[in-house]
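Fold and geometry: a report
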Amino acid sequence: MSRTNQTALQTVKGMRDLLPPETAVWAAVEATARAIFARYGYREIRTPILEETELFARGVGEGTDIVGKEMYSFEDKGGRLVTLRPENTAPVVRAYVEHGFAQLPQPVKLFYVGPQFRYERPQKGRYRQFHQIGAERFGSGAVPATADVEVLLLLVALLSELGFRDLKILVNTVGDEESRASYRAALVEFLTPLAERLGDDSRRRLASNPLRILDTKIPAERELLVGAPSLAEHLNERSRAHFEFVRSALDEFQVPYEVDPRLVRGLDYYTHTVFEIVSQGLGAQNAICGGGAYENLVGELGGADTYAVGFAIGEDRLVDVLPADSPARLSLPGPTIVALVGEVERGERTSFALAETLRRAGISAIDAGGKGSKAVWKLAEAMASPWVVFVGADELRDGTLTLRDTATREQTTLPREQAIARLAASYAR
Ligand code: AMP
């Protein structure tokens, strides 16, 4: 059957290929993150992409947008209800409980890097498969708030290592369970008589997740909320002291932050400190990182009550707004191109062998044997090659190589060993 009439296939809506040379930037960002995680004592965890649907229903919360409408859920061939993970906190908590990590000396500090899936309306900075770099920190000393502060300091260290200077850290507290319940009741009491004037989403949230109404983007709803009771007034003493500690420590470490009383975050499990890091460089989807503390989730997923705090950075957005001078953009030079000039004894086998000799000397190399000179330059440009190496009859006779520096266009012929040493210096770390 002829295949020529078949239509070409494309990525699924909302999903995309990450391609070179951009993938080198992703790898560099992840390498930087790994280095900073190691500095703060975090070790990597890799959980499955597929989990039981119930994990997210219980862990993230039935009333959230994620669980309510954004999950990729299906029944597998064994009749299990499974879901492509929409976030990684619940899976990490599941693993913490499942593997008895509570028995390890605390704190247990874990980080992850990987894809997440949400069936959202795609737009700039919002994908159905996106990638997160995140961490969860379990257990705390006598003052749990220090864990929140340490996590924020880690984030500041990572983002400044990546070259960011204009990011804004927004923090707030949603208080502990008791404070939240008291506030929730007050908010529902305030909004119920106004329900007619709320949009469909907010009216639904009034029953399921009223705190979420606070971060509405609809101007008319924002106006209604001006007179709403404030969360701060409903904080009990414990919650108030916790947040006070976080703020004073952030001041002490000179972390620039803003308190945003409307920041509540969309996930059910947060208690106490919540935070978001936003970039002016992004449009509506301007949050590159979100996180917070959660003191009840481990218990809700079957473990013993454990204070925990975590965050997730949206890697897609992070790479989007990575500063032009970020060290993560300085990748290794492209491969050296090995080309032939004129008719050469053994022809392309000569360049093939030379390319392998260079690689064994630690030099990244591509064999461009059979290509004419125009094609060689095109290849050098496309691959960002620092060098093109020529071998012709003269070079073979004299035991030399001719190097062309692609930036300066200077050409030099050197004894073979010397030429290889010169190339190797370009790739030395
Ligand atoms: P969340 O898990 O909702 O707290 O999100 C944490 C971070 O992940 C956000 O600040 C975004 O940077 C990123 N993120 C969440 N959803 C998406 C998405 N659909 N596409 C791209 N990035 C996302």
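Each remark here, short or long, concerns the structure printed above.
Presented here is an overview of the structure given in this document. (Residues numbered from 1 in each chain as written. Predicted model: local features only at pLDDT ≥ 70, side-chain atom pairs only at ≥ 80, totals over all residues. Heavy atoms only, no water.)

**Points about the environment of L250**
Mapped onto the elements, L250 comes out in helix 9 (residues 237–252). The class of L250 is buried, set by a relative accessible area of 0%. With 60 residues separating them in the primary sequence, L250 and F190 have C-alpha atoms 33 Å apart. If near-sequence neighbours (up to four positions away) are discounted, L250 is found in contact with V149, L152, V171, V255 and Y257. (Helix = DSSP H or I, 4+ residues; strand = E, 2+ residues; numbered from the N terminus. Buried < 20%, exposed > 50% of the residue type's maximum accessible area, 1.4 Å probe, protein only. Contact = heavy atoms within 4.5 Å.)

**What to know about the packing of helix 1 (residues 22–39) against helix 5 (residues 145–161)**
For the pair helix 1 and helix 5, interaxial distance at closest approach is 10 Å and the crossing angle is 145°. Regarding helix 1 and helix 5, the two cross each other, and that crossing is right-handed. Two secondary-structure elements touch here, helix 1 through T32, A33, I36, F37 and R39 and helix 5 through L154, A157, L158 and E161. Here the contact of helix 1 with helix 5 is composed, by residue class, of six nonpolar, one polar and two charged. (Axes fitted to C-alpha atoms, helices over the stretch in contact; angles between N-to-C directions. Left-handed = near helix turned anticlockwise from the far one by under 90°. Nonpolar A, V, L, I, M, F, W, Y, C, P; charged D, E, K, R; others polar.)

**Focus: the nonpolar core**
If you look at the biggest cluster of nonpolar residues, it comprises 47 residues, and the most contacted ones within it are V29, F37, I288 and F311. A per-element tally of this core places helix 5 first, with eleven residues. F56, V174, L263 and Y270 belong to the second-largest nonpolar core, a separate cluster that totals 46 residues. (Core = buried A, V, L, I, M, F, W, Y, C linked by side-chain atoms within 4.5 Å.)

**Considering the packing of aromatic side chains**
All told, the structure shown has nine aromatic pairs when counted by the stated rule. Taking the centre distance of 6.2 Å and the plane angle of 75° together, the rings of Y96 and F101 count as edge-to-face. For Y96, a relative accessible area of 2% gives the class buried. Seen from their ring centres, Y96 and F138 are 4.1 Å apart, and the 20° between their planes marks the pair as stacked. Of this pair, Y96 sits in helix 4 (residues 89–98) while F138 sits in strand 6 (residues 129–138), and the two are 42 residues apart along the sequence. Summarising the burial analysis for this pair, Y96 and F138 share the class buried. Members of the aromatic cluster, joined through ring pairs, are F37, Y42, F111 and F311. (Phe/Tyr/Trp six-rings, centres within 6.5 Å; stacked < 30°, edge-to-face > 60°.)

**A short note on the sheet that holds strand 2 (residues 50–52)**
An order of 2-4-3 is seen for the three strands of this open sheet, with the pairing classed as antiparallel. The sheet is open, and its two borders are formed by strand 2 and strand 3 (72–75), each paired with just one other strand. The mean inter-strand angle of the sheet, taken between neighbouring strand axes irrespective of direction, is 35°. With three bridges joining them, strand 2 and strand 4 (residues 81–84) adopt antiparallel strand pairing. By the bridge assignment, E52 is partnered in strand 4 with V82. (Pairing = 2+ DSSP bridges.)

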